[in-house]
Amino acid sequence: QFLSNNGAVPGEPVKTDKNSRRGNWGNQIEFILTSVGYAVGLGNVWRFPYLCYRNGGGAFMFPYFIMLVFCGIPLFFLELSFGQFASQGCLGVWRISPMFKGVGYGMMVVSTYIGIYYNVVICIAFYYFFSSMTNLLPWTYCNNPWNTPTCNGVVTPRGINNTLANVTRSLVTGAAEVAVEVVNKTKRTSPSEEYWKHYVLQISDDIGNFGEVRLPILGCLAVSWVVVFLCLIRGVKSSGKVVYFTATFPYVVLTILFIRGITLEGAVTGIKYYLTPQWHKILDAKVWGDAASQIFYSLGCAWGGLITMASYNKFHNNCYRDSIIISITNCATSVYAGFVIFSILGFMAHHLNVDVSEVADHGPGLAFVAYPEALTLLPISPLWSLLFFFMLILLGLGTQFCLLETLVTAIVDEIGTDWIVRNKTVVTGGVAIVGFLLGVPLTTQAGIYWLLLMDNYAASFSLVIISCIMCICIMYVYGHKKYFKDVEMMLGFPPPIFFRVCWRFVSPIIISFILIFTVIQYKPITYNDYVYPGWSLAIGFLMAMSSVICIPIYALYKIAKSEGTTFLERLKNSCKPDVKWGPALSEHRIGLYATPGSEGEVEVRPLKEELKEKEKEDEKRDEISLTIQGSNGSTAHNTTPSA
């Protein structure tokens, strides 16, 4: 339907490898940068360094890289090859075994939840970014209307010009004050914490007490959704150009902050805390569980984004090479970010004369309280603050682009009419508007409670279950031998023996271990001293289950709709690959996919017969625009998307 009947043109493999109806990446760099932007997110900055420090410093790197090699890279390669082979989003790929299409719906649900709250985090970073455009950061001192009597800043008013000389002087002259502060550490609240709680969030006392919508945050949420929409207005054609900046500039900022950080007094102490190996912790199962979980969540496995991004690759692209490059880049970024975070925290601990553990934090606490407070101690602190929050915005946007594109691609591929393909921008706008409206409750005074609830439950063990079922479906239901042949047909070489073993045995076992570990380690969520009520935890579990429940519900529906007189016949037929399963373009449908009845399980009709049936469907669907089919219709299809 979307290419001319003459198939491949001799001597022009580049032209015919393009999917003109659906679109492709402009070049391979765009795909790699987009995937790096997707995998490298806020977790690399605010979660990994803290996990590393808590789980034995340098010793944590050992289980971390073991899990990367045996679970991270193989799963990454599996999802990329899956999406690239079928050139379909997270729903369309399940033609491989239609009964398992519920896994695709589960991925969509997960991406929806993450997309809603992730953009709220980005919008708060936008808020801090705009707030940093002053001569003096508003969370520097305790003399603001929102401060409480317990507020105690790290910068004294005498050091108002924020030079290092004054910081050093305040250390000497304020020794007694610091000593008292260490004793009363539990009573101290920092100006950055009070700015975050009492001014930015105006946090309520309970998750059920929504209060009012915080209009500045709502405005920033609108800004962040508009930015995401504009970057995706032409799908991968526009986002592929934007990532040249959004995926690379965070590394420039990280390097600037790293150089600034290591030149500070106390930075070495902070980095020692981050990297000093505590080898006895390697025997702790929790350390291995944390390493596996961090790799799994950090790479974005089972979100549907990797399948979606790979689906826009050309059919013969070397996704094996890409998966290794992207996975290693992601993990190297995490390690590098740890130096940036802990050099500044070490400086702050040195200034306060306390242990680094007293100032170390993770999640929103690191991004919006601990690190901003440390920045107030630097000369020209607004500049460093602007850079830091700009980096957070870019890291967040890189992930958000892919989350939104995953949903849009799934909808467009599923409906598949010519109108919706031509008007993909309308779908993108619609999804962005719905995402904005669903994010409004997170901008209320109780918003932070809901944000953390979604972060903890919406995408936790459900991702692990989805990934495990995906491995089982491809390797055991569809068949590992057939899948290895598919990959060989696409890449020109079969998957290396290491990946074949990992896909079939090692990765599913590690995924099962992560699931068991997640269940055993489960603790009800808290936020500082606030304990979540039972009804909110029930909502959290419902969110987690809502993505997993798609799998059995759709499987039962598919079995009921399948042909057959007995349950076993229906089950067998619902697991068989769909006739449309395989490469999207006719010139790639060779061997098994070109001739009918090659294998009992896969019934593939001749392409001409399929094209005739598609033409008839198109005529019925849209008599006015598609009355004439054939070479003219093909030309029309080719020119419309590019226009």
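Residues numbered from 1 in each chain as written. Predicted model: local features only at pLDDT ≥ 70, side-chain atom pairs only at ≥ 80, totals over all residues. Heavy atoms only, no water.

Describing the UniProt feature "binding site: Na(+) 2" (unreviewed entry) in the protein
The UniProt feature table records "binding site: Na(+) 2" (unreviewed entry) at N44. Here N44 is to be found in helix α3 (residues 42–46). Judged by relative accessible area, which is 2%, N44 ranks as buried. What N44 contacts, discounting residues up to four positions off in sequence, is A39, P49, S298, N330, T333, S334 and A337. There is a polar contact of 3.0 Å between the side chain of N44 and the backbone nitrogen of G41. (UniProt positions renumbered as here; feature names shortened; annotations may be inferred. Helix = DSSP H or I, 4+ residues; strand = E, 2+ residues; numbered from the N terminus. Buried < 20%, exposed > 50% of the residue type's maximum accessible area, 1.4 Å probe, protein only. Contact = heavy atoms within 4.5 Å. Polar contact = N/O pair within 3.5 Å; in protein donor to acceptor, adjacent residues only side chain to side chain.)

Some words on the packing of aromatic side chains
Under the criterion given, the structure shown has 65 aromatic pairs. Each ring, one from Y274 and one from F339, has its centre 5.5 Å from the other, and the planes form 85°; the classification is edge-to-face. You can see Y274 sitting in helix α13 (residues 267–275) and its partner F339 sitting in helix α16 (residues 319–352), a full 65 residues away along the chain. Under the relative-accessibility criterion, Y274 is labelled buried at 0%. (Phe/Tyr/Trp six-rings, centres within 6.5 Å; stacked < 30°, edge-to-face > 60°.)

Describing the state of the cysteines
For the structure on display, the rule yields 1 disulfide. Here C142 engages in a disulfide with C151; their sulfurs sit 2.0 Å apart. Between C142 and C151, the S-S dihedral sits near -70°, and the bridge is therefore left-handed. According to the relative accessible area criterion, C142 is partly exposed, its value standing at 29%. Lacking any disulfide linkage, C473 is separated from the closest cysteine sulfur, that of C575, by 7.7 Å. With a relative accessible area of 0%, C473 lands in the buried category. Given the relative accessible area of 18%, C575 is considered buried. (Disulfide = S-S within 2.5 Å.)

Things to note about the nonpolar core
Ranked by internal contacts, the top residues of the largest apolar core, which has 192 residues, are F82, Y128, F368, Y483 and Y532. Counting residues per element, this core draws most heavily on helix α6 (residues 101–131), which supplies 19 residues. (Core = buried A, V, L, I, M, F, W, Y, C linked by side-chain atoms within 4.5 Å.)

Regarding a nonpolar patch on the surface
Taken together, the side chains of V69, F70, I472, Y476, V477, I497, F498, V501, F505 and I509 define a hydrophobic patch exposed on the protein surface, amounting to about 840 Å² of accessible area. Residue assignment for the nonpolar patch shows that the elements contributing at least two residues are α5 (58–86), α23 (461–491) and α24 (497–520). Examining the composition of the nonpolar patch, we find that 5 residues originate from one element, α24, more than from any other. Along the chain, I509 falls in helix α24. (Patch = residues over 30% accessible without salt bridge, like charges linked within 9 Å, V, L, I, M, F, W, Y side chains within 5 Å. Areas by Shrake-Rupley, 256 points an atom, 1.4 Å probe, with all protein chains shown as cover. Salt bridge = Lys/Arg side-chain N within 4 Å of Asp/Glu carboxyl O.)

Some remarks on the pattern of salt bridges
Enumeration over the complete set of coordinates arrives at 8 salt bridges. Taking the shortest distance from any N to any O, the salt bridge between D413 and R22 comes out at 2.7 Å. On the criterion of sequence distance, the pair formed by D413 in helix α19 (residues 381–415) and R22 in the loop between α1 (13–16) and α2 (28–39) is long-range, its members being 391 residues apart. Look at R22 and you get buried, because its relative accessible area is 16%. A salt bridge links K286 to D290, with the shortest nitrogen-to-oxygen separation between them at 3.0 Å. Residue K286 and its partner D290 are located together in helix α14 (residues 285–298), separated by 4 residues, close to a single helical turn. Taking relative accessible area as the criterion, D290 reaches 8% and is therefore assigned buried.

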